[in-house]
Each structure stands twice: as structure tokens, then as C-alpha cells.
Amino acid sequence: MTAELTDNISDSGAGEGCMGLLKTLRREEILEVLSEGFCRQCHPLLEARIRRILNRKVREIPKWNDNIEGSDSFHMKPYKRMRTLESFSQTPEPSYLSRRKRFTSNFFGESATGNRNSFEHSDFKILLNDGLSRVSSGSDNGLSLEKNEQIRISQVIRKKDFEYTERIDGGRQINVLGGLELHTRVFNTKEQENIVEYVNKLQSMGQRGKLRERTYSEPRKWMRGKGRVTIQFGCCYNYAKDQNGKPPGIIRDEEVDPIPSLFKKVIKRMVRWQILPPTCIPNSCIVNIYEEGDCIPPHIDHHDFVRPFCTLSLLSECKIVFGSNLKVVGPGEFSGSVSIPLPVGSVFVLNGNGADIAKHCVPGVPTKRISITFRKMDESKLPYTFFPDPELVGIKPLICSPLNTPHIQIQHNLDEQLIEKDEFHPQNNLNANNRSSDVGQMVHL
């Protein structure tokens, strides 16, 4: 009788295989099947489908405005309230941040202590053979290199719905944050540590005179907020009028070192993972090394660089402040309309109104921080000796197969992530010839 029943089920499920069999089972029987475990190749597909369901649940959660009686809409009048965006999911904390206080979220199984369960964390630890994690082969999970990369892409959380309206020059109100994007879980703990180590070696080379003169700058710290270290690659950029009378912008007749190999691998990942478009592949970058109290004053990035551009944050979280009217209230202290936390390991993309209408600044950081800003130069502003790097030409985004590893972009509504901090008031504080080859030799650290 059992054999006949099995045969009948097989026939009725012809063309559907396993799915046909599952449809014949009750819910408790399906749970029994699931409890038996899966092979390694089934895990990524099952996890991706579960995440898709979780993502749908997030979208069904009532908006922040609807849950708090009398709360203001985020479409408020300028300067009425100060709001801070807390990211739902952040990169697992690197070993060098073990004592640092972090914002946490329980949405993806992260505890208040920053620990994540194996369900969420295991795939994020996959090391890829792309030069960023010092592996010579794929992960040992039995999957191909391409499949592992697709799994890592599905882990990326992309927020693209920033919104804050301000009245500009007495005219109509516009969303001054339009075009901003925050991408988290792009670089895992090991990859971050390798990039930080690479930056430290570059700084050491600069201090020993192994980089070109205009590549490395370490001004004297004569007051709070002044004196962050900068390392420029691809082009020499003037932040202000220099001692030779040259204005701010790209200095076309000055040379700096080319983009180092590891940074080119970072660029490739950001284009392949659809963080930056293939039409705007960066050909320059600048490293900022902040010590406690260092800052970046209010500004709009020079239009010698096209949009979009992006910044990778390392070592510690900081806040970036936006608004059409930012004010300096003290050394390294600024006030503005909106403050957005930049999690460790995140990539923040600036485009549209967020890049061209709203000014932005980084108040004095509470502890050491590294940022790397990647930008593409305007064709008419390229250095006279510039030649396109073959490694950065023709990079294409990776297209993930929807049948194997769905490309999931988890978008959280801004209202769900906003928590009210303070009543906003303008006085609130927020808080030589072989030199190039030396850089090129630092491919595998």
C-alpha cells in the first residue's frame, strides 16, 4: 500500500518533482522535513528566500509616524527638529573595535552586545578571491567563486530613500537629501582590517618620503579640527587657494601617485556590486586619516569631480551633517538640519541634491577614523599627464541569477529608522622616480 501511494504521488507530481511532493504534506509534516537539515548548496537559496519574507515583513511594519501619537512628520519645516538616522544593520565589529560603543539593531539577529547569530553572520564571512581578503581560492563552503560573490551581494543593505525638505533661497521646498545612498555590509571584518593595514603602511611611506610630495600631506595640528592627514591618488586637489595662487580644484600640472592596487580592487567591487554605476568609475581617490577632534568643515564637493562619488568609512562610526545652511559654532563643531551616522565599513554615495544643493560636513570625530573618498574627474579637468588605468576600464556590474541567488535590496523606510534626539536649535553642537613603484609594490599586504 505504501509503495502504491508513493508511486501515485510521484506521478501526480510529474513536472514538479520535489515541489509536487511538498504540496501533498501537511504543515507539521513540512516542518519535520525542514528539521532534517540541508546540504551546503541548498543553504544559500533557502536563506535568500527567508530574507525575502523578512524583507516583506519589514515593509508591512507601520511607519514611525503612525506609531507615535503627535509625532511630527519628517516633511517638516526647516530647522524645526533635529533627527538622526540609525541604520538597521551594521557590519560586525572588527577586532580593533572590541571596546567601542556601537549602535545596534535586533532586526537581523544582532544582540545588544553586538553578537550575531550564525544564520545571519556565516555568509557575510565568506572571503572572495578578489584581492581584498588575502585568499588564493574560494570559500570552503563548496560553492563556486561566482556563487559566493552572489551570496555576498545579497547580504548588502541599500538605503536610498533619504528625505528632508528645506526651502531654498526663499523659493520652493525641495528634498535636499535626494540622491544620497547608504550601503552597508559591503566589506566584512577581515576585508576592513586589510584595508586599514594598507592605509597605515601608506601613511608610513608618506612619513618616510616614499610618496610624491603632493600625494601625502600631514599638516601641523595647531588647533582642534585642524590637521587631518590626507593621501591623494590620481590627481592633486587644492582644498583652498594655495601659496602659489592656484585656486581650489584639480591642479592639472601637478603629479601625485597613481591609485594603489588594493584601492582599485575596492573600486571594482563597488561597480560590480552596483554601488557605483559603470558610467562613473572613479579614477582618483583621497584618504583622510582623522585623529580625535579632526573634522571636515561645511562644503559642497568641487565640480571638477562628476557625480556620483562615494566614501568608505573605517575604524569608527561618525556622523555626517547635511543642510542648506550649516553653521560653525566652534572649533570642529557644526550645526545643521540632518545628521546621518556612517557605520563602520559602510559606503556612502553622494549624488543629486545631496551632493549639489545641501552642504555637508563631518564634526570633530570622537576617536580615530579613516575614510576613503572615490571620485571620477571631469574630462575637461584631467591632469595633463593622466592616462586611463586599464584595470579600471570597462568594469561591468555583476548580474545575479534570480533563480539561484536573488539580488535582495533591503530598503527601510526613513520614518521607521528615525529617532528623535533633541529640539533643534541653531546653537546645538554636533558634535622621487621610484616612489610610484613603491606604491605599486603594495599589492598583497
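Being a predicted model, the structure only gives us computed values, none of them experimental. (Residues numbered from 1 in each chain as written. Predicted model: local features only at pLDDT ≥ 70, side-chain atom pairs only at ≥ 80, totals over all residues. Heavy atoms only, no water.)

1. Section: the confidence of the model for the protein
Detailed conclusions should not be drawn from predicted coordinates in areas where pLDDT is low. Using the following cut-off: Known as pLDDT, the predictor's confidence for each residue is given on a scale from 0 to 100. Only heavy atoms matter for contacts: two residues are in contact if any of them lie within 4.5 Å across the pair.
Looking at the protein as a whole, its pLDDT mean stands at 75, while 65% of the residues score no less than 70. Segment residues 1-15: pLDDT under 50, and three contacts once partners within four positions in sequence are set aside and those in other chains are kept. Scored below 50 in pLDDT, residues 403-445 makes 137 contacts in the model with residues more than four places away or belonging to other chains.

2. Some points on unusual backbone geometry
Most peptide bonds adopt trans geometry, and most residues besides glycine take a negative phi value. This is how it is decided: A run of H or I in DSSP becomes a helix once it reaches four residues, and a run of E becomes a strand once it reaches two; helices and strands are each numbered from the N terminus.
Residue arginine 307 is joined to proline 308 through a cis peptide bond whose omega torsion reads 0 degrees. Here proline 308 lies in the loop between strand E11 (296-299) and strand E12 (309-314). The phi dihedral of aspartate 169 falls on the positive side, at around 50 degrees, and the residue is not glycine. Of note, the phi angle at arginine 185 is positive, near 65 degrees, even though the residue is not glycine. Topologically, arginine 185 is positioned in the loop between strand E5 (181-184) and helix H8 (189-207).

3. Focus on the pattern of salt bridges
Rules: For this analysis, a salt bridge means a side-chain nitrogen from Lys or Arg found within 4 Å of a carboxyl oxygen belonging to Asp or Glu. Partly exposed residues are those whose accessible area sits between 20% and 50% of the maximum for their type, while under 20% is buried and over 50% is exposed, using a 1.4 Å probe and protein chains only.
A complete count under the given rule lists 15 salt bridges for this structure. Note that arginine 214 and glutamate 254 form a salt bridge whose closest N and O atoms lie 3.5 Å from each other. Note that arginine 214 is positioned in the loop between H8 and strand E6 (216-217) and glutamate 254 in the loop between strand E9 (249-251) and helix H9 (261-272), a separation of 40 residues in sequence. Overall, glutamate 254 belongs to the partly exposed group, its relative accessible area being 22%. Put simply, lysine 246 and glutamate 254 hold a salt bridge, and the shortest N to O gap is 3.9 Å. The network of salt bridges with shared partners includes Asp130, Arg152, Glu191 and Arg269.

4. A word on the packing of aromatic side chains
Cut-off, in case you're wondering: Side-chain rings of Phe, Tyr and Trp, where Trp is taken by its six-membered ring, are said to pair if the distance between their centres is within 6.5 Å; with planes under 30 degrees apart they count as stacked, over 60 as edge-to-face, and otherwise as tilted. Both a distance and an angle decide whether a charge sits over a ring: NZ of Lys or CZ of Arg must be within 6 Å of the ring centre and within 35 degrees of the ring normal.
Per the stated rule, a full pass over the model turns up seven aromatic pairs. When the ring of tyrosine 237 is compared with that of tyrosine 239, the centres are 5.1 Å apart and the planes differ by 85 degrees; the resulting orientation is edge-to-face. A residue is classified by how much of its surface remains accessible, and tyrosine 239, at 45% relative accessible area, is partly exposed. Taken together, the ring pairs in this structure connect Tyr198, Phe233, Phe263 and Phe374 into an aromatic cluster. Sitting over the face of the ring of tyrosine 239, arginine 228 holds its NZ or CZ atom 5.4 Å from the ring centroid.

5. Observations concerning the sheet that holds strand E10 (residues 284-290)
Quick reminder of the rule: Whether two strands pair depends on DSSP finding at least two bridges between them. To get an axis, a line is fitted to the C-alpha atoms, and for a helix only the part in contact is used. The angle between two axes follows their N-to-C directions and goes from 0 to 180 degrees.
Taken in spatial order, the eight strands make up an open sheet running E2-E5-E17-E12-E19-E10-E7-E6, and their pairing is antiparallel. Of all strands in the sheet, those bounded by a partner on one side alone are strand E2 (157-159) and E6. Bridge analysis of E12 against strand E17 (residues 347-350) gives four bridges, and the strand direction is antiparallel. Looking across to E17, one finds that cysteine 310 is bridged to valine 349. Relative to strand E19 (residues 369-375), H8 is tilted by about 90 degrees, and along the sheet it contacts E6, strand E7 (229-233), E10, E12 and E19. Packed on one face of the sheet, H9 meets E7, E10, E12, E17 and E19 and runs near 65 degrees to E19.

6. Let's talk about H8
The α-helix winds at 3.6 residues per turn, so residues separated by three or four positions along the chain end up facing the same way. For clarity, the cut-off: Multiply 1.5 Å by the residue count of a helix minus one, and that product is the helix's expected span.
The terminal C-alpha atoms of H8, which comprises 19 residues, lie 27 Å apart, in line with the 27 Å expected from a rise of 1.5 Å per residue. Listing the buried residues of H8 in full gives Thr189, Glu191, Gln192, Asn194, Ile195, Val196, Tyr198, Val199, Leu202, Gln203, Met205 and Gly206. Phi turns positive, to about 75 degrees, at glycine 209, one or two residues after H8.

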